[in-house]
Amino acid sequence: MTTLNEFSRCVAQYDPHALPVSAAQAIVRQWATPVTAVERVPLRDALDRVLANDIVSPIDVPSHDNSAMDGYAFNRAALAAGASELNLTIVGKALAGHPFMGRADAKQCVRVMTGASMPADCDTVVPQELVERSADSSSIRFAANAVLGGANRRLAGEDLARGHAALRAGRIMRASDLGLLASLGIGEVHVRRRLRVAFISTGDELRSLGEPLDPGCVYDSNRHTLFAMLRRLNVEALDLGVVRDQPAPLEAALRSAAASADVVLTSGGVSVGEADFTRQLLQTFGDVAFWSLAMRPGRPLAFGRVWSGERPGVGQPALFFGLPGNPVAVMVTFYQIVREALLLMAGATPQPLPVFQATSRQAIRKRAGRTEFQRGVAGRDAHGQWRVTPTGSQSSGVLSSMSEANCFIVLGHDEADIAEGESVQIMLFDGLI
Ligand code: AMP
Ligand code: MG
(Lines give C-alpha, C1' and ligand atoms only; values in the text may rest on other atoms or scores of the structure.)
(Ligands and ions follow the chains in the order given, each with its own letter.)
Protein backbone atom coordinates (compact mmCIF):
# COMPACT_ATOMS: atom_id res chain seq x y z
CA MET A 1 0.00 0.00 0.00
CA THR A 2 1.37 3.41 -0.94
CA THR A 3 0.94 5.80 1.92
CA LEU A 4 0.03 9.41 1.53
CA ASN A 5 3.38 10.39 2.96
CA GLU A 6 5.30 8.35 0.40
CA PHE A 7 3.14 9.67 -2.38
CA SER A 8 3.21 13.32 -1.35
CA ARG A 9 6.97 13.53 -1.26
CA CYS A 10 7.00 12.83 -4.99
CA VAL A 11 4.95 15.95 -5.74
CA ALA A 12 6.92 18.97 -6.85
CA GLN A 13 6.90 21.81 -4.32
CA TYR A 14 5.91 19.41 -1.52
CA ASP A 15 6.48 21.24 1.72
CA PRO A 16 3.95 20.29 4.39
CA HIS A 17 4.77 23.54 6.23
CA ALA A 18 3.84 25.80 3.30
CA LEU A 19 2.14 23.73 0.66
CA PRO A 20 1.04 25.74 -2.40
CA VAL A 21 -2.67 25.38 -3.20
CA SER A 22 -1.86 23.92 -6.62
CA ALA A 23 0.35 21.20 -5.07
CA ALA A 24 -2.36 20.31 -2.54
CA GLN A 25 -4.91 20.12 -5.36
CA ALA A 26 -2.59 17.86 -7.35
CA ILE A 27 -2.13 15.44 -4.44
CA VAL A 28 -5.82 15.35 -3.63
CA ARG A 29 -6.72 14.74 -7.27
CA GLN A 30 -4.54 11.63 -7.32
CA TRP A 31 -6.36 10.11 -4.35
CA ALA A 32 -9.87 10.80 -5.55
CA THR A 33 -10.99 7.46 -6.99
CA PRO A 34 -14.41 7.52 -8.64
CA VAL A 35 -17.21 5.36 -7.28
CA THR A 36 -17.95 2.58 -9.74
CA ALA A 37 -21.52 1.56 -8.89
CA VAL A 38 -24.08 2.58 -11.47
CA GLU A 39 -27.84 2.99 -11.20
CA ARG A 40 -30.47 3.15 -13.91
CA VAL A 41 -32.87 6.04 -13.26
CA PRO A 42 -35.82 7.63 -15.03
CA LEU A 43 -34.78 10.66 -17.07
CA ARG A 44 -36.08 13.29 -14.64
CA ASP A 45 -34.27 11.72 -11.70
CA ALA A 46 -31.02 12.15 -13.62
CA LEU A 47 -30.97 15.93 -13.03
CA ASP A 48 -27.69 16.87 -11.29
CA ARG A 49 -26.53 13.24 -11.40
CA VAL A 50 -23.34 12.08 -13.13
CA LEU A 51 -23.83 10.28 -16.42
CA ALA A 52 -22.15 6.86 -16.28
CA ASN A 53 -21.65 6.24 -20.00
CA ASP A 54 -21.57 8.07 -23.31
CA ILE A 55 -24.97 8.45 -24.90
CA VAL A 56 -24.83 7.76 -28.61
CA SER A 57 -27.70 9.21 -30.56
CA PRO A 58 -29.89 6.39 -31.93
CA ILE A 59 -31.62 8.76 -34.37
CA ASP A 60 -31.13 11.98 -36.30
CA VAL A 61 -32.57 15.03 -34.54
CA PRO A 62 -34.49 16.46 -36.20
CA SER A 63 -35.42 13.22 -37.92
CA HIS A 64 -36.40 15.02 -41.17
CA ASP A 65 -35.61 18.27 -42.97
CA ASN A 66 -38.18 20.80 -41.82
CA SER A 67 -39.17 24.40 -42.14
CA ALA A 68 -37.70 26.98 -39.77
CA MET A 69 -40.42 29.54 -40.62
CA ASP A 70 -44.07 29.93 -41.45
CA GLY A 71 -43.99 30.49 -45.20
CA TYR A 72 -43.82 28.70 -48.53
CA ALA A 73 -41.49 25.89 -49.52
CA PHE A 74 -40.20 25.62 -53.07
CA ASN A 75 -37.21 24.35 -55.05
CA ARG A 76 -34.25 26.68 -55.40
CA ALA A 77 -34.19 25.89 -59.12
CA ALA A 78 -36.95 28.52 -59.36
CA LEU A 79 -34.39 31.15 -58.29
CA ALA A 80 -31.82 29.97 -60.81
CA ALA A 81 -34.00 31.02 -63.73
CA GLY A 82 -32.84 34.61 -63.19
CA ALA A 83 -36.21 36.39 -63.02
CA SER A 84 -36.36 39.29 -60.56
CA GLU A 85 -39.75 38.20 -59.30
CA LEU A 86 -41.10 34.72 -58.70
CA ASN A 87 -44.67 33.68 -59.13
CA LEU A 88 -45.46 30.22 -57.73
CA THR A 89 -48.68 28.25 -57.54
CA ILE A 90 -49.63 26.84 -54.15
CA VAL A 91 -50.21 23.10 -54.53
CA GLY A 92 -50.70 22.04 -50.94
CA LYS A 93 -50.07 22.58 -47.29
CA ALA A 94 -47.79 21.00 -44.64
CA LEU A 95 -48.11 21.53 -40.88
CA ALA A 96 -45.89 20.22 -38.10
CA GLY A 97 -46.88 16.58 -37.77
CA HIS A 98 -48.90 16.70 -41.01
CA PRO A 99 -46.58 16.32 -44.00
CA PHE A 100 -47.55 17.16 -47.60
CA MET A 101 -47.32 13.90 -49.50
CA GLY A 102 -47.53 15.31 -53.05
CA ARG A 103 -44.80 16.84 -55.20
CA ALA A 104 -44.05 20.38 -56.35
CA ASP A 105 -42.35 21.31 -59.62
CA ALA A 106 -40.21 24.40 -60.25
CA LYS A 107 -43.28 26.64 -60.71
CA GLN A 108 -45.04 25.45 -57.60
CA CYS A 109 -44.78 25.86 -53.84
CA VAL A 110 -46.25 24.37 -50.69
CA ARG A 111 -47.64 26.36 -47.77
CA VAL A 112 -45.52 25.28 -44.72
CA MET A 113 -45.62 26.03 -41.01
CA THR A 114 -42.62 25.99 -38.68
CA GLY A 115 -41.55 22.42 -37.97
CA ALA A 116 -43.42 20.94 -40.95
CA SER A 117 -41.47 18.34 -42.95
CA MET A 118 -39.99 19.81 -46.11
CA PRO A 119 -42.09 18.48 -48.98
CA ALA A 120 -40.32 16.30 -51.56
CA ASP A 121 -38.44 18.41 -54.15
CA CYS A 122 -38.48 21.52 -51.92
CA ASP A 123 -35.30 22.86 -50.27
CA THR A 124 -36.01 26.54 -49.62
CA VAL A 125 -38.63 28.44 -47.59
CA VAL A 126 -39.67 32.01 -48.22
CA PRO A 127 -41.13 33.55 -45.04
CA GLN A 128 -44.79 34.54 -45.34
CA GLU A 129 -44.03 38.21 -44.50
CA LEU A 130 -42.07 38.50 -47.73
CA VAL A 131 -44.73 37.29 -50.15
CA GLU A 132 -47.87 38.72 -51.68
CA ARG A 133 -50.74 36.29 -52.12
CA SER A 134 -53.01 36.47 -55.16
CA ALA A 135 -56.60 37.56 -54.53
CA ASP A 136 -57.87 33.99 -54.81
CA SER A 137 -54.98 32.69 -52.62
CA SER A 138 -53.91 30.24 -55.28
CA SER A 139 -50.42 31.67 -55.82
CA ILE A 140 -47.70 33.87 -54.29
CA ARG A 141 -45.36 36.53 -55.66
CA PHE A 142 -42.10 37.64 -54.11
CA ALA A 143 -38.82 39.31 -55.05
CA ALA A 144 -36.18 36.76 -56.06
CA ASN A 145 -33.58 38.50 -53.88
CA ALA A 146 -35.80 38.06 -50.78
CA VAL A 147 -34.34 34.63 -50.10
CA LEU A 148 -31.26 32.55 -50.89
CA GLY A 149 -31.46 28.96 -52.08
CA GLY A 150 -31.66 26.57 -49.10
CA ALA A 151 -32.79 29.29 -46.68
CA ASN A 152 -35.00 28.64 -43.66
CA ARG A 153 -34.65 24.90 -43.85
CA ARG A 154 -33.48 22.90 -40.81
CA LEU A 155 -31.57 19.82 -41.84
CA ALA A 156 -32.16 16.33 -40.52
CA GLY A 157 -29.49 15.52 -37.90
CA GLU A 158 -28.48 19.17 -37.59
CA ASP A 159 -29.03 19.10 -33.80
CA LEU A 160 -27.77 15.55 -33.19
CA ALA A 161 -26.55 13.15 -35.83
CA ARG A 162 -27.35 9.47 -35.48
CA GLY A 163 -24.35 7.44 -34.26
CA HIS A 164 -22.61 10.46 -32.71
CA ALA A 165 -22.07 10.97 -28.97
CA ALA A 166 -24.82 13.25 -27.74
CA LEU A 167 -23.49 13.43 -24.16
CA ARG A 168 -20.27 12.16 -22.63
CA ALA A 169 -19.83 10.03 -19.51
CA GLY A 170 -18.92 12.20 -16.56
CA ARG A 171 -21.38 14.91 -17.46
CA ILE A 172 -23.39 16.42 -14.63
CA MET A 173 -26.85 16.43 -16.09
CA ARG A 174 -28.45 19.82 -16.61
CA ALA A 175 -31.90 20.91 -17.76
CA SER A 176 -30.87 21.04 -21.42
CA ASP A 177 -29.43 17.53 -21.16
CA LEU A 178 -32.74 16.13 -19.95
CA GLY A 179 -34.44 17.76 -22.91
CA LEU A 180 -31.76 16.56 -25.27
CA LEU A 181 -32.11 12.95 -24.19
CA ALA A 182 -35.88 13.22 -24.41
CA SER A 183 -35.45 14.43 -28.01
CA LEU A 184 -33.65 11.16 -28.69
CA GLY A 185 -36.52 9.19 -27.19
CA ILE A 186 -34.38 8.12 -24.22
CA GLY A 187 -36.41 7.79 -21.02
CA GLU A 188 -33.89 6.16 -18.67
CA VAL A 189 -30.17 6.65 -18.15
CA HIS A 190 -27.30 5.11 -16.24
CA VAL A 191 -25.79 7.37 -13.61
CA ARG A 192 -23.13 6.80 -10.97
CA ARG A 193 -24.43 6.15 -7.50
CA ARG A 194 -24.38 9.26 -5.38
CA LEU A 195 -21.27 9.89 -3.36
CA ARG A 196 -21.78 9.60 0.41
CA VAL A 197 -20.07 12.30 2.42
CA ALA A 198 -20.15 12.34 6.22
CA PHE A 199 -19.37 15.50 8.15
CA ILE A 200 -18.52 16.11 11.79
CA SER A 201 -17.87 19.26 13.80
CA THR A 202 -15.28 19.13 16.55
CA GLY A 203 -15.01 21.44 19.52
CA ASP A 204 -15.97 21.63 23.20
CA GLU A 205 -17.35 25.13 22.62
CA LEU A 206 -19.89 24.12 19.98
CA ARG A 207 -23.60 24.10 20.66
CA SER A 208 -26.23 22.77 18.31
CA LEU A 209 -29.38 24.62 17.33
CA GLY A 210 -31.97 24.48 20.09
CA GLU A 211 -29.37 24.16 22.84
CA PRO A 212 -28.75 27.06 25.23
CA LEU A 213 -25.62 29.03 24.44
CA ASP A 214 -23.44 28.58 27.53
CA PRO A 215 -20.81 31.22 28.38
CA GLY A 216 -17.91 31.13 25.95
CA CYS A 217 -19.75 28.87 23.52
CA VAL A 218 -20.76 29.37 19.88
CA TYR A 219 -23.40 27.80 17.73
CA ASP A 220 -22.07 25.23 15.34
CA SER A 221 -22.45 26.89 11.96
CA ASN A 222 -20.00 24.75 9.97
CA ARG A 223 -22.26 21.73 9.90
CA HIS A 224 -24.95 23.77 8.24
CA THR A 225 -22.63 25.41 5.74
CA LEU A 226 -21.15 22.01 4.90
CA PHE A 227 -24.58 20.46 4.55
CA ALA A 228 -25.58 23.19 2.11
CA MET A 229 -22.38 23.01 0.07
CA LEU A 230 -22.70 19.23 -0.18
CA ARG A 231 -26.35 19.50 -1.17
CA ARG A 232 -25.42 21.82 -4.02
CA LEU A 233 -23.06 19.14 -5.32
CA ASN A 234 -25.90 16.65 -5.07
CA VAL A 235 -23.97 14.21 -2.91
CA GLU A 236 -25.56 12.33 -0.01
CA ALA A 237 -24.72 14.41 3.04
CA LEU A 238 -24.55 12.48 6.34
CA ASP A 239 -24.58 14.77 9.37
CA LEU A 240 -22.74 12.99 12.19
CA GLY A 241 -23.11 15.84 14.69
CA VAL A 242 -20.66 17.45 17.06
CA VAL A 243 -17.80 15.59 18.70
CA ARG A 244 -16.09 16.92 21.80
CA ASP A 245 -12.34 17.53 21.90
CA GLN A 246 -11.49 14.09 23.24
CA PRO A 247 -9.73 11.25 21.45
CA ALA A 248 -12.08 8.36 22.17
CA PRO A 249 -15.32 9.92 20.89
CA LEU A 250 -13.50 11.34 17.89
CA GLU A 251 -12.00 7.99 16.99
CA ALA A 252 -15.40 6.33 17.33
CA ALA A 253 -17.01 9.01 15.17
CA LEU A 254 -14.36 8.75 12.44
CA ARG A 255 -14.56 4.98 12.34
CA SER A 256 -18.31 4.91 12.06
CA ALA A 257 -18.11 7.67 9.44
CA ALA A 258 -15.67 5.58 7.39
CA ALA A 259 -18.04 2.63 7.66
CA SER A 260 -20.92 4.56 6.13
CA ALA A 261 -19.36 7.13 3.79
CA ASP A 262 -16.92 7.48 0.91
CA VAL A 263 -15.56 10.74 2.26
CA VAL A 264 -15.34 12.10 5.81
CA LEU A 265 -15.08 15.82 6.50
CA THR A 266 -14.35 17.29 9.90
CA SER A 267 -14.03 20.92 10.88
CA GLY A 268 -11.91 22.30 13.70
CA GLY A 269 -9.08 20.94 15.76
CA VAL A 270 -6.39 20.81 13.09
CA SER A 271 -4.48 23.99 13.94
CA VAL A 272 -0.94 23.69 15.18
CA GLY A 273 -0.61 23.17 18.90
CA GLU A 274 -4.27 22.59 19.51
CA ALA A 275 -5.95 19.30 20.25
CA ASP A 276 -2.78 17.41 19.52
CA PHE A 277 -4.53 14.12 20.18
CA THR A 278 -6.25 14.58 16.85
CA ARG A 279 -2.92 14.28 15.12
CA GLN A 280 -1.80 11.31 17.17
CA LEU A 281 -5.12 9.64 16.71
CA LEU A 282 -5.20 10.09 12.96
CA GLN A 283 -1.59 9.09 12.61
CA THR A 284 -2.21 5.79 14.37
CA PHE A 285 -5.40 4.70 12.71
CA GLY A 286 -5.36 6.68 9.49
CA ASP A 287 -2.94 7.63 6.74
CA VAL A 288 -3.18 11.36 7.21
CA ALA A 289 -0.84 14.24 6.43
CA PHE A 290 -1.13 17.52 8.28
CA TRP A 291 -0.52 20.38 5.98
CA SER A 292 -0.06 24.03 6.42
CA LEU A 293 -1.35 25.37 3.14
CA ALA A 294 0.18 28.49 1.64
CA MET A 295 -3.32 29.87 1.52
CA ARG A 296 -5.50 32.36 3.32
CA PRO A 297 -7.94 31.70 4.78
CA GLY A 298 -7.58 27.98 5.34
CA ARG A 299 -4.01 27.38 6.38
CA PRO A 300 -4.30 24.19 8.46
CA LEU A 301 -5.66 21.19 6.61
CA ALA A 302 -5.41 17.47 7.25
CA PHE A 303 -5.81 15.16 4.31
CA GLY A 304 -5.64 11.42 3.89
CA ARG A 305 -7.60 8.26 4.49
CA VAL A 306 -9.29 6.73 7.50
CA TRP A 307 -10.65 3.22 7.96
CA SER A 308 -13.56 1.78 9.87
CA GLY A 309 -11.26 -0.83 11.47
CA GLU A 310 -8.81 -0.43 14.32
CA ARG A 311 -5.80 0.33 12.14
CA PRO A 312 -4.94 1.58 8.64
CA GLY A 313 -5.98 -0.83 5.93
CA VAL A 314 -8.55 -2.60 8.07
CA GLY A 315 -12.26 -2.26 7.31
CA GLN A 316 -13.91 0.26 5.00
CA PRO A 317 -11.73 3.11 3.75
CA ALA A 318 -12.82 6.71 3.32
CA LEU A 319 -11.04 9.77 2.05
CA PHE A 320 -10.55 12.25 4.88
CA PHE A 321 -10.40 16.02 4.96
CA GLY A 322 -9.77 17.74 8.30
CA LEU A 323 -10.86 21.30 7.56
CA PRO A 324 -10.01 24.29 9.75
CA GLY A 325 -12.60 25.43 12.26
CA ASN A 326 -13.03 29.03 11.20
CA PRO A 327 -16.27 29.31 9.24
CA VAL A 328 -14.85 31.19 6.24
CA ALA A 329 -11.83 28.89 6.09
CA VAL A 330 -14.22 25.93 5.95
CA MET A 331 -15.91 27.36 2.90
CA VAL A 332 -12.72 28.40 1.15
CA THR A 333 -10.98 25.05 1.68
CA PHE A 334 -14.13 23.24 0.66
CA TYR A 335 -14.37 25.10 -2.64
CA GLN A 336 -10.66 25.19 -3.42
CA ILE A 337 -9.55 21.74 -2.24
CA VAL A 338 -12.50 19.45 -1.43
CA ARG A 339 -14.98 20.28 -4.18
CA GLU A 340 -12.93 18.99 -7.09
CA ALA A 341 -12.12 15.78 -5.21
CA LEU A 342 -15.80 15.16 -4.54
CA LEU A 343 -16.69 15.74 -8.17
CA LEU A 344 -13.97 13.35 -9.31
CA MET A 345 -15.08 10.72 -6.80
CA ALA A 346 -18.67 11.14 -7.96
CA GLY A 347 -17.43 10.19 -11.43
CA ALA A 348 -17.82 13.68 -12.88
CA THR A 349 -15.43 15.46 -15.20
CA PRO A 350 -14.95 18.74 -13.30
CA GLN A 351 -14.86 21.87 -15.41
CA PRO A 352 -12.48 24.63 -14.32
CA LEU A 353 -14.35 27.43 -12.60
CA PRO A 354 -14.51 30.59 -14.67
CA VAL A 355 -12.05 33.19 -13.43
CA PHE A 356 -11.79 36.62 -15.00
CA GLN A 357 -10.18 40.00 -14.53
CA ALA A 358 -11.70 42.96 -12.71
CA THR A 359 -10.28 46.28 -11.58
CA SER A 360 -9.97 46.64 -7.83
CA ARG A 361 -11.74 49.73 -6.51
CA GLN A 362 -9.46 49.73 -3.54
CA ALA A 363 -5.92 48.89 -2.48
CA ILE A 364 -5.59 45.35 -1.10
CA ARG A 365 -2.91 44.12 1.26
CA LYS A 366 -1.45 40.82 0.18
CA ARG A 367 1.61 38.87 1.18
CA ALA A 368 3.52 37.08 -1.55
CA GLY A 369 4.05 33.35 -1.03
CA ARG A 370 0.46 32.30 -0.44
CA THR A 371 -2.78 32.30 -2.40
CA GLU A 372 -5.47 34.48 -0.90
CA PHE A 373 -9.19 34.16 -1.47
CA GLN A 374 -10.60 37.46 -0.34
CA ARG A 375 -14.31 38.05 -0.47
CA GLY A 376 -15.48 40.72 -2.88
CA VAL A 377 -18.46 42.38 -4.45
CA ALA A 378 -18.05 42.60 -8.21
CA GLY A 379 -20.18 44.40 -10.74
CA ARG A 380 -19.97 46.35 -13.96
CA ASP A 381 -19.52 50.10 -13.89
CA ALA A 382 -21.22 52.65 -16.15
CA HIS A 383 -18.70 51.87 -18.91
CA GLY A 384 -19.36 48.15 -18.76
CA GLN A 385 -16.04 47.38 -17.03
CA TRP A 386 -15.89 44.82 -14.24
CA ARG A 387 -14.86 46.26 -10.89
CA VAL A 388 -14.53 44.62 -7.52
CA THR A 389 -14.48 45.84 -3.92
CA PRO A 390 -13.32 43.62 -1.07
CA THR A 391 -15.97 43.15 1.64
CA GLY A 392 -15.04 44.77 4.95
CA SER A 393 -13.39 42.35 7.34
CA GLN A 394 -11.36 39.60 5.74
CA SER A 395 -11.00 37.70 9.02
CA SER A 396 -11.57 33.99 8.53
CA GLY A 397 -14.11 33.94 11.35
CA VAL A 398 -16.39 36.55 9.75
CA LEU A 399 -18.96 34.52 7.86
CA SER A 400 -20.97 37.61 6.94
CA SER A 401 -18.14 38.46 4.53
CA MET A 402 -19.16 35.39 2.52
CA SER A 403 -22.83 36.29 2.64
CA GLU A 404 -22.18 39.86 1.47
CA ALA A 405 -19.79 38.83 -1.29
CA ASN A 406 -20.60 37.59 -4.78
CA CYS A 407 -17.07 36.49 -5.67
CA PHE A 408 -13.67 35.46 -4.44
CA ILE A 409 -10.86 37.84 -5.28
CA VAL A 410 -8.14 35.32 -6.09
CA LEU A 411 -4.71 36.75 -5.32
CA GLY A 412 -2.11 34.38 -6.72
CA HIS A 413 0.76 32.76 -4.84
CA ASP A 414 3.39 35.23 -6.07
CA GLU A 415 1.27 38.38 -6.04
CA ALA A 416 1.98 41.10 -3.47
CA ASP A 417 0.01 44.24 -2.49
CA ILE A 418 -2.56 45.39 -5.01
CA ALA A 419 -2.94 49.10 -5.73
CA GLU A 420 -6.30 50.77 -6.30
CA GLY A 421 -7.16 50.47 -9.99
CA GLU A 422 -5.01 47.38 -10.52
CA SER A 423 -6.45 44.34 -12.20
CA VAL A 424 -7.20 41.24 -10.09
CA GLN A 425 -8.70 37.83 -10.78
CA ILE A 426 -12.21 37.13 -9.57
CA MET A 427 -14.12 33.88 -9.29
CA LEU A 428 -17.86 34.50 -9.26
CA PHE A 429 -19.90 32.51 -6.78
CA ASP A 430 -22.56 31.84 -9.40
CA GLY A 431 -22.27 28.20 -10.32
CA LEU A 432 -20.06 27.59 -7.33
CA ILE A 433 -22.19 28.25 -4.27
P1 AMP B 1 -10.24 25.35 15.64
O2 AMP B 1 -9.80 25.10 14.23
O3 AMP B 1 -10.89 24.17 16.27
O4 AMP B 1 -9.14 25.91 16.45
O5 AMP B 1 -11.35 26.47 15.54
C6 AMP B 1 -11.04 27.76 15.06
C7 AMP B 1 -12.18 28.71 15.33
O8 AMP B 1 -13.33 28.28 14.64
C9 AMP B 1 -12.60 28.79 16.79
O10 AMP B 1 -12.95 30.12 17.07
C11 AMP B 1 -13.81 27.89 16.86
O12 AMP B 1 -14.69 28.24 17.91
C13 AMP B 1 -14.43 28.12 15.51
N14 AMP B 1 -15.21 26.96 15.11
C15 AMP B 1 -14.74 25.70 15.07
N16 AMP B 1 -15.73 24.86 14.65
C17 AMP B 1 -16.81 25.63 14.45
C18 AMP B 1 -18.14 25.34 14.02
N19 AMP B 1 -18.51 24.11 13.74
N20 AMP B 1 -19.01 26.37 13.91
C21 AMP B 1 -18.62 27.62 14.18
N22 AMP B 1 -17.39 27.96 14.59
C23 AMP B 1 -16.48 26.97 14.73
MG1 MG C 1 -11.53 23.51 18.06
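Residues numbered from 1 in each chain as written. Chains lettered and ligands numbered in written order. Predicted model: local features only at pLDDT ≥ 70, side-chain atom pairs only at ≥ 80, totals over all residues. Heavy atoms only, no water.

Caption draft 1: Inspection of the pairing of strand 6 (residues 85-94) at higher detail. Here strand 6 pairs with strand 10 (residues 139-143) via five bridges, running antiparallel. Bridging across to strand 10, Leu 88 finds its partner in Ile 140. As paired strands, strand 6 and strand 7 (residues 108-112) are joined by four bridges and run parallel to one another. For Ala 94, the partnering residue across the bridge sits in strand 7 and is Val 112. (Pairing = 2+ DSSP bridges. Helix = DSSP H or I, 4+ residues; strand = E, 2+ residues; numbered from the N terminus.)

Caption draft 2: View of the side chain of Arg 192. Topologically, Arg 192 is positioned in strand 13 (residues 188-192). Although buried, Arg 192 forms no salt bridge, and the nearest oppositely charged side chain, Asp 54, lies 9.3 Å from it. Here the side chain of Arg 192 touches Val 35 through a polar contact of 2.6 Å, landing on its backbone oxygen. Other than its neighbours up to four places away in sequence, Arg 192 contacts Pro 34, Val 35, Thr 36, Ala 37, Val 38, Arg 49, Val 50, Ala 52, Ala 346 and Gly 347. (Buried < 20%, exposed > 50% of the residue type's maximum accessible area, 1.4 Å probe, protein only. Lys, Arg positive; Asp, Glu negative; His and termini not counted. Salt bridge = Lys/Arg side-chain N within 4 Å of Asp/Glu carboxyl O. Polar contact = N/O pair within 3.5 Å; in protein donor to acceptor, adjacent residues only side chain to side chain. Contact = heavy atoms within 4.5 Å.)

Caption draft 3: Fine view of the packing of helix 2 (residues 21-31) against helix 8 (residues 327-345). Two elements in contact, helix 2 and helix 8, have axes whose closest approach is 9 Å; the angle formed by their N-to-C orientations is 25°. What the angle tells us is that helix 2 and helix 8 run roughly parallel. As helix 2 packs across helix 8, the resulting crossing turns out to be right-handed. Each of Val 21, Ala 24, Gln 25, Val 28 and Arg 29 in helix 2 lies in contact with helix 8, whose residues at this interface are Gln 336, Ile 337, Glu 340, Ala 341 and Leu 344. Partitioned by chemical class, the residues of the contact of helix 2 with helix 8 number six nonpolar, two polar and two charged. (Axes fitted to C-alpha atoms, helices over the stretch in contact; angles between N-to-C directions. Parallel < 35°, antiparallel > 145°, perpendicular 65-115°, else oblique. Left-handed = near helix turned anticlockwise from the far one by under 90°. Nonpolar A, V, L, I, M, F, W, Y, C, P; charged D, E, K, R; others polar.)

Caption draft 4: Summary view of the nonpolar core. In terms of nonpolar packing, the biggest core is built from 55 residues, with Leu 265, Trp 291, Phe 321, Phe 334 and Phe 408 touching the most fellow members. In terms of residue count, helix 8 provides more of this core than any other element does, 13 residues in total. Excluding residues within four positions of it along the chain, Phe 334 makes contact with Leu 226, Met 229, Leu 230, Leu 233, Leu 265, Arg 339 and Leu 342. Formed by 21 residues, the second largest nonpolar core is a distinct cluster that contains Ala 198, Ile 200, Val 270 and Phe 285. (Core = buried A, V, L, I, M, F, W, Y, C linked by side-chain atoms within 4.5 Å.)

Caption draft 5: The arrangement of the layout of surface pockets in detail. Approximately 780 Å³ is the volume found for the largest pocket. Taken together, 32 residues make up the lining of the largest pocket; nearest its centre are Asp 48, Ile 172, Leu 233, Arg 339 and Leu 343. Elements with a minimum of two residues in the lining of the largest pocket: helix 5 (222-232) and helix 8. When its residues are assigned to classes, the lining of the largest pocket shows 15 nonpolar, five polar and twelve charged. If you trace the second largest pocket, you find 18 residues lining it, with Asp 262, Pro 317, Ala 318, Leu 319 and Met 345 closest to the centre. Counting residues per element, the ones that place at least two in the lining of the second largest pocket are helix 2, helix 6 (247-260), strand 20 (300-307) and strand 21 (317-323). (1 Å grid on protein atoms, 1.4 Å probe; cavity = no way out; pocket = protein on both sides within 12 Å on 5 of 7 lines; lining within 4 Å. Points joined across faces, edges and corners; volume = space filled by probe spheres on them.)

Caption draft 6: Looking closely at the packing of aromatic side chains. Following the criterion strictly, the structure yields nine aromatic pairs and no others. Aromatic pair Phe 74 and Phe 142: ring centres 5.4 Å apart, planes at 55°, arrangement tilted. One end of the pair, Phe 74, is in strand 5 (residues 71-74); the other, Phe 142, is in strand 10, with 68 residues separating them in the sequence. According to the relative accessible area criterion, Phe 74 is buried, its value standing at 0%. Taking the relative accessible area as the measure of exposure, Phe 142 reaches 2% and is therefore buried. (Phe/Tyr/Trp six-rings, centres within 6.5 Å; stacked < 30°, edge-to-face > 60°.)

Caption draft 7: The arrangement of the packing of helix 5 against helix 8 in detail. Two numbers describe how helix 5 lies on helix 8: the axes approach to 11 Å, and their chain directions differ by 30°. The pairing of helix 5 with helix 8 is recorded here as roughly parallel in orientation. Note that helix 5 runs across helix 8; the crossing there is right-handed. Across the interface between the two elements, Asn 222, Thr 225, Leu 226, Met 229 and Leu 230 of helix 5 pack against Pro 327, Val 330, Met 331, Phe 334, Tyr 335 and Leu 342 of helix 8. Here the residues of the contact of helix 5 with helix 8 sort into nine nonpolar, two polar and no charged.

Caption draft 8: Structural view of the pairing of strand 26 (residues 423-428). Pairing of strand 22 (residues 355-360) with strand 26, which is carried by five bridges, proceeds in the antiparallel orientation. Note on strand 26: the bridge partner recorded for Val 355 is Met 427. In this structure, strand 25 (residues 407-411) lies alongside strand 26, joined through four bridges in antiparallel fashion. Residue pairing for strand 26: Ile 409 is matched across the bridge by Ile 426.

Caption draft 9: Inspection of empty space enclosed by the protein at higher detail. Using the criterion set out here, one finds three cavities of 30 Å³ or more in the structure. In this structure, the largest cavity spans a volume of roughly 50 Å³. Lining the largest cavity, in full, are Thr 202, Leu 250, Leu 254, Thr 266, Gly 268, Val 270, Thr 278, Leu 282 and Phe 320. Among the residues forming the lining of the largest cavity, the class breakdown is five nonpolar, four polar and no charged. Its boundaries defined by the atoms lining it, the second largest cavity holds a volume of some 40 Å³. Lining the second largest cavity are Arg 296, Pro 297, Glu 372, Phe 373, Gln 374, Arg 375 and Gln 394. With four residues, the top contributor of residues to the lining of the second largest cavity is strand 23 (residues 371-380).

In short, shape yes, function no, at least from these values alone.
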